[in-house]
Amino acid sequence: MRVRFAAAAALSALLCASCVSPQGAPTTPPDPQAVERGAYLAAAGDCQGCHTDLKGNGPALAGGRALATQFGAFYAPNITFDKTAGIGTWSEEDFHRAMRSGKGAHGEFLYPVFPYTAFSGMTDQDISDLYAYLRAQPTQSQPSKPNAVKFPFNMRPLLGFWRVLFFHEGPLQPVQGQSAEWNRGRYLAEAVAHCQECHTPRNALGGLDNSRAYAGDPHGPGGKTPNIT
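Our subject in this report is the structure included herewith.

This next bit is on the environment of Gly 63. Among the structural elements, Gly 63 can be located in the loop between α3 (47-51) and β1 (66-69). Residue class for Gly 63 comes out buried when judged on its relative accessible area of 0%. When the C-alpha positions of Gly 63 and Tyr 75 are compared, they lie 7.2 Å apart, and in sequence the two are 12 residues distant. What Gly 63 contacts, discounting residues up to four positions off in sequence, is His 51, Asp 53, Ala 76, Pro 77, Asn 78 and Gln 142.

Given below as structure tokens:
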């Protein structure tokens, strides 16, 4: 029964994935206060760390960094608001859908090497502020590199089944009985900074092994990641 439910849910997601089209980015300047709040979130989430090819002296947020995994090599995309090479045609709704639901501008499933599984826990306001920050950054025309994903993981529709098993859409809810400080720390670690995405080992299908949370991952993105418990 559970297998049937998983298959049905995945099929439903596949059918809906092609029903979305980009809405277009706003033409008015972003709110300066939202940009300032978004800058804090971008720093906490280390957007530059993945989306800038620091070793190659690449332009900020223009993508190009290779993330080596046991499933193949993924190249971080250009997330500047260049209309051709980046996400300049993305509306705020498109951006929310990527962060909250792990779907691209056309409704396609995104690979979880983009840690939407963590970002989904962010609040609507924080996602909007991050969008405002990215809109305010210089555009870069550097094209994104295609991924080099191994078979059968290069068959993107299979992500529908993966999502049924391992993806729980947010936002993250506070834990009752814990202090505001503790919940704030959890929010930063598990949603914004997505620490577990690199520092928690994964099973054979790429799902997080939460029984060993933060214990390090010998196959982490870009190489072995340390135990941070």
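This part takes up the side chain of Asp 94. Structurally, Asp 94 is set in helix α4 (residues 92-101). Engagement of the side chain of Asp 94 in a polar contact is seen with the backbone nitrogen of Ser 91, the distance being 2.8 Å.

Taken as a whole, this structure holds 8 aromatic pairs when the rule is applied. Residues Phe 81 and Tyr 131 carry aromatic rings whose centres are separated by 5.4 Å and whose planes lie at 75° to one another, so their mutual orientation is edge-to-face. A residue pair is termed long-range when its members are at least 10 positions apart, and Phe 81 in the loop between β2 (72-75) and α4 and Tyr 131 in helix α6 (residues 124-135) qualify at 50 residues. Tyr 131 sits in the buried class, given a relative accessible area of 2%. With a centroid separation of 5.6 Å and an interplanar angle of 55°, the aromatic rings of Phe 114 and Phe 119 are classed as tilted. Here Phe 114 falls in the partly exposed class, since its relative accessible area comes to 23%.

On to the pairing of β1. Here β1 shows one buried face, formed by Leu 67 and Thr 69, and one open face, formed by Ala 66 and Ala 68. Bridge analysis of β1 against β2 gives 4 bridges, and the strand direction is antiparallel. Residue pairing in the sheet places Thr 69 in a bridge with Gly 72 of β2. Counting the residues in the hairpin turn of β1 and β2 gives 2 residues.

Our focus in this paragraph is the sheet that holds β1. Pairing within the open sheet is antiparallel, and its 3 strands lie in the order β1-β2-β3. Every other strand in the sheet has two partners, leaving β1 and β3 (148-149) as the edge strands with one partner each.

Turning to the packing of helix α2 (residues 32-44) against α6, a few remarks are in order. Helix packing for two helices is described by the angle between their axes and how far apart those axes are. The interhelical angle for the contact between α2 and α6, taken along N-to-C directions, is 100°, at an axis separation of 7 Å. The pairing of α2 with α6 is recorded here as roughly perpendicular in orientation. Listed contacts from α6 to Ala 34, Val 35, Arg 37, Gly 38, Ala 39, Leu 41 and Ala 42 of α2 are Gln 125, Asp 126, Asp 129, Leu 130, Ala 132 and Tyr 133.

Now for the layout of surface pockets. Approximately 480 Å³ is the volume attributed to the second largest pocket. For the second largest pocket, the lining is made up of 25 residues, of which Thr 117, His 168, Gln 196, Glu 197 and Leu 208 are closest to its centre. Elements represented by at least two residues in the lining of the second largest pocket include exactly α5 (116-119), α7 (159-166), α8 (180-192) and α9 (195-199). Across the lining of the second largest pocket, the residue classes tally to 11 nonpolar, 10 polar and 4 charged.

Applying the stated rule across the entire model yields 6 salt bridges. Between Glu 190 and Arg 186 there is a salt bridge; the shortest N-O distance is 3.4 Å. On the criterion of helical spacing, the pair formed by Glu 190 and Arg 186 is a turn pair, its members being 4 residues apart in helix α8. With its nearest N and O atoms 2.8 Å apart, the salt bridge here joins Asp 209 to Arg 212.

What follows covers the pairing of β2. Alignment of β2 against β3, held across 2 bridges, turns out to be antiparallel. Paired with Ala 73 across the two strands is Ala 148, which belongs to β3.

To continue, consider unusual backbone geometry. Between Phe 151 and the following residue, Pro 152, the backbone shows a cis peptide bond with an omega angle of 5°. Its location among the elements puts Pro 152 in the loop between β3 and α7. Look at the link from Gly 170 to Pro 171: it is a cis peptide, with omega at 10°. Positionally, Pro 171 belongs in the loop between α7 and α8. Residues other than glycine seldom take positive phi values, yet Asn 57 does so here, at roughly 55°. Here Asn 57 lies in the loop between α3 and β1. In this structure, Leu 61 takes a positive phi of about 65° despite not being glycine. Looking at the secondary structure, you find Leu 61 in the loop between α3 and β1. With a relative accessible area of 3%, Leu 61 lands in the buried category.

Criteria and cut-off values
- Residues numbered from 1 in each chain as written.
- Predicted model: local features only at pLDDT ≥ 70, side-chain atom pairs only at ≥ 80, totals over all residues.
- Heavy atoms only, no water.
- Helix = DSSP H or I, 4+ residues; strand = E, 2+ residues; numbered from the N terminus.
- Buried < 20%, exposed > 50% of the residue type's maximum accessible area, 1.4 Å probe, protein only.
- Contact = heavy atoms within 4.5 Å.
- Polar contact = N/O pair within 3.5 Å; in protein donor to acceptor, adjacent residues only side chain to side chain.
- Phe/Tyr/Trp six-rings, centres within 6.5 Å; stacked < 30°, edge-to-face > 60°.
- Pairing = 2+ DSSP bridges.
- Axes fitted to C-alpha atoms, helices over the stretch in contact; angles between N-to-C directions.
- Parallel < 35°, antiparallel > 145°, perpendicular 65-115°, else oblique.
- 1 Å grid on protein atoms, 1.4 Å probe; cavity = no way out; pocket = protein on both sides within 12 Å on 5 of 7 lines; lining within 4 Å.
- Points joined across faces, edges and corners; volume = space filled by probe spheres on them.
- Nonpolar A, V, L, I, M, F, W, Y, C, P; charged D, E, K, R; others polar.
- Salt bridge = Lys/Arg side-chain N within 4 Å of Asp/Glu carboxyl O.

Just geometry here; none of it tells us what the structure is for.
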